[in-house]
Amino acid sequence: MSEEASPPVSFWQSVRQSLRGEEHDYTALPLNRAVILLAVPMVLEMVMESLFAVADVFWVSHLGKEAVAVVGLTESVMTLIYAVAIGISIAATAIVSRRIGEKEPELAAQAAGQIVLLGVLVAAGIGILLGYFAPDILRFMGAGEEIVTLGSGFARMMLGGNATVFLIFLINAIFRGAGDAVIAMRTLWLANALNIVLGPCFIFGWWIFPELGVTGAAVATNIGRGVGVLYQLWHLAGHHSRVKVRWQHFKPEREVIGAVLSKSGSGIIQLLISTTSWVGLFKILALFGSAALAGYTIAIRIVIFALMPAWGLANAGATLVGQNLGAHKPERAEAAVKIAVKSDVIVLSLIGICFVVFANPLIRLFTQDAEVAAFGTQALWIVSLAFPLYAAGMCFEAAFNGSGDTWTPARLNFLCLWLGQIPIAWGLSKSSGFGPVGAFIAVPVAYSLLAIFSWLLFKRGKWKSQKL
C-alpha cells in the first residue's frame, strides 16, 4: 500500500511520528501530513535557535549597553558570514532534495560531501581574514574606542571561529533536504542548550569557569556549536541519516562543485543583499548613539525569536518543493507552499499582535536603562506591525529557493532592501528628522513590498520549470 493510500492519521499522531524521525516518501504522502511531519521538527529546531539569540543578549545586557552594542555590531558583521553559509545551504537543500525526489541517494550523498568540503574551505578563509582584522572591523562599523577595547575579544572569537556556525548551517540544510528534519532539530537543540548553559558561566565566572565578560558569550557559543557539528558528522557518516556520506564523497568532483557553486552564487548574493542592508541600518542607527543601537539590537533579537520558528514552516515548504519537483509533481509542490503560507500567516499574525500590545514589558525583560528601553519599545512595536506579510514573503522566497530558482529572491531583495529599505531609512531618519524611528519604519515597509512582489512572481509559476 502506498503512503498516499494509507489510512488517515490524526494531527497528534503525525506530530509524534515527526519527532521520532521516521522515514517517509514526501512525494507520496497527503500534503497536510507531509507539511506537519517536516514542519514540526523544523519549527522546534528554529525555536531553539531563537532561544539562543534571546538568551545570549539577556546575559550580555547585564554587562551594560556598551556590551550589548558590541554584540549588535559583531552580529551585524556575522550576518555577512551567515549570508555565505545560508547561500550555500540554499543550494544544498535544493540539490539534495531534488536527488532524493529522483530516488538517487548516492548522488545526494556525493553532493553532500562536496558541500561540506566547500564549507570547510570557505569558513577557514573567512575566519583567518576577519578574525585578524576584528578591531578594525568594529571601528569601521562606527564603534568608539571604548567599545572596540571591550569587544575585540568577542569579535575575534565569533569571526575567527565562524566554522562552527557555518558547518551547522550547511549540514542541517543537507538533512532538511533529505527529509531528516529531526536530526537537524536535535543538532540545534544540543548546540544551543550547551551555549545557554555555558554562556553565563563564562560571562560571569560561575563555578569553575573563568570570568571573561562579553568574550565569554563567544566562547560558550563556539563550544556549543562545535559539539553540534561533531554530532552532525556522526549522523552524516551513516547513523540514522538518509544521506550516508563516505570518505570517497569528499574527493573533489568538479562537476558537482560547479553545480553547487552555480546555485550557491546567486544564493549568496541573495543573502548578502539582505544582510548588508541590515549592516546599513546599523550604521545609520550608530549615528544616534549606543542607546538607540542597543534598543534596536534587543528588539531585533526578540523579532528573530518569532521569525526563526516561522522559517521552520517555510523550510518545510522548500523541502517539499524540491522533492516533488524531483518526482515531476509540480502541482503538489505549489499546493505545499500554499499550505505553508496559510499556516505561517496565522501563527505570525497572532505573535505580531502580542508584540504590539506587550512591546514595553518585553523590552524591559532585557534592560532597565530607560533610554534603551524607549528605543527598543518603539522598534519592536513598529517592526511587528507587518508580521503577516513577513510570513508570506519568507514562504514564497523559500519556495523559489527550494526549486533552485535562487536569482528571483536575489533580485527581489535588491529591489526592496537596497533600493527600498536603506534609502527609506536614511530619508526618514536624517532628511525628514524622524531620527532612529525612521530607520525602524523602513523595515516593515520594505518587507511588505518584498512579500507582495514575491506573491506575484510565485503566481506566474516559472519556478516550476527549474532544472538541477
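Conventions adopted
- Within each chain, residues carry numbers counting from 1 in the order of the written sequence.
- At least 70 in pLDDT is required for a residue's local features to be given in this predicted model, at least 80 for side-chain atom pairs to be given and counted, and no such filter applies to totals for whole chains, interfaces and linings, which use all residues.
- The basis for every side-chain value is the complete set of heavy atoms in the structure, and neither hydrogens nor water enter the calculation.
- Counting from the N terminus, the helices are the DSSP runs of H or I reaching at least four residues and the strands are the DSSP runs of E reaching at least two.
- To sort residues, take the accessible area from a 1.4 Å probe on protein chains only and compare it with the maximum for the residue type: under 20% means buried, over 50% means exposed, and anything in between is partly exposed.
- When charges are counted, neither His nor the chain ends are considered; positive counts come from Lys and Arg and negative counts from Asp and Glu.
- Basic side-chain nitrogens of Lys or Arg form a salt bridge, by our definition, when they fall within 4 Å of a carboxyl oxygen of Asp or Glu.
- Distance and chemistry together define a polar contact, namely a pair of N or O atoms within 3.5 Å, with one atom able to donate a hydrogen and the other to accept it when in protein, and with adjacent residues in sequence counting only for side-chain atoms on both sides.
- The contact rule is simple, with two residues in contact once any of their heavy atoms fall within 4.5 Å.
- Here an angle of 0 to 180 degrees is reported between the N-to-C directions of two axes, which are lines fitted to C-alpha atoms, with helices fitted over the stretch in contact.
- Angles below 35 degrees are treated as roughly parallel, those above 145 as roughly antiparallel, those between 65 and 115 as roughly perpendicular, and all remaining angles as oblique.
- Residues are sorted three ways: Asp, Glu, Lys and Arg are charged, Ala, Val, Leu, Ile, Met, Phe, Trp, Tyr, Cys and Pro are nonpolar, and all the rest, Gly among them, are polar.
- Expected helix span is taken as 1.5 Å per residue step, with the number of steps being one fewer than the number of residues.
- Bend, in this description, refers to the angle at a residue between axes fitted to the seven residues ending there and the seven starting there.
- Throughout, the protein atoms alone are placed on a 1 Å grid, and a set of points is a cavity if a 1.4 Å probe fits but cannot get out or a pocket if it is open with protein on both sides within 12 Å along at least five of seven lines; lining residues have an atom within 4 Å of a point.
- Grid points are joined across faces, edges and corners, and a volume is the space filled by probe spheres set on the points.
- Counting rule for disulfides: a pair of cysteine sulfur atoms within 2.5 Å.

S.K.: Explain the side chain of aspartate 405 to me, and be specific about the residues and the numbers.
M.R.: Along the polypeptide, aspartate 405 turns up in the loop between helix H15 (387-403) and helix H16 (407-431). Of the side chains with opposite charge, arginine 411 comes closest to the buried, unpaired aspartate 405, at an N-O distance of 5.5 Å. At a separation of 2.8 Å, a polar atom in the side chain of aspartate 405 contacts the side chain of threonine 408. Excluding anything up to four places from it in sequence, aspartate 405 contacts Phe400, Trp463 and Gln466.

S.K.: So what's going on with the packing of helix H11 (residues 290-326) against helix H12 (residues 330-357)? Which residues, and what values?
M.R.: When two helices pack together, their arrangement is given by the angle between their axes and by how far apart the axes lie. At their nearest, the axes of H11 and H12 sit 8 Å apart, and the two run at 175 degrees to each other. It follows that H11 is roughly antiparallel to H12 by the angle criterion. Of the residues in H12, those in contact with Ile302, Val303, Ala306, Leu307, Ala310, Leu313, Ala314, Gly317, Leu320, Val321, Asn324 and Leu325 of H11 are Pro330, Arg332, Ala333, Ala336, Val337, Ala340, Ser343, Asp344, Leu348, Ile351 and Phe355. Of the residues that constitute the contact of H11 with H12, the class distribution is 18 nonpolar, 3 polar and 2 charged.

S.K.: Please set out helix H8 (residues 181-204) residue by residue, giving values where relevant.
M.R.: Here H8 is 24 residues long and its end C-alpha atoms lie 35 Å apart, about the 34 Å a rise of 1.5 Å per residue gives. Where H8 bends most, at leucine 198, the angle is about 35 degrees, and the proline proline 200 comes one to four residues later. Looking one or two places after H8, you find glycine 205, whose phi comes out positive at around 75 degrees.

S.K.: For empty space enclosed by the protein, give the residues involved together with the corresponding values.
M.R.: On inspection of all chains with the given rule, the structure shows 4 cavities of 30 Å³ or more. One number sums up the size of the second largest cavity: a volume of about 80 Å³. Mapped by element, the contributors of at least two residues to the lining of the second largest cavity are helix H1 (11-20), helix H2 (31-60) and H8. Per element, the largest residue contribution to the lining of the second largest cavity is 3 residues, and it comes from H2. In terms of residue class, the lining of the second largest cavity is built from 6 nonpolar, 5 polar and 2 charged.

S.K.: So, the state of the cysteines: which residues are in play, and what are the values?
M.R.: All chains considered together, the criterion is met by 0 disulfides. The cysteine cysteine 354 is free of any disulfide, with cysteine 395 supplying the nearest cysteine sulfur at 19 Å.

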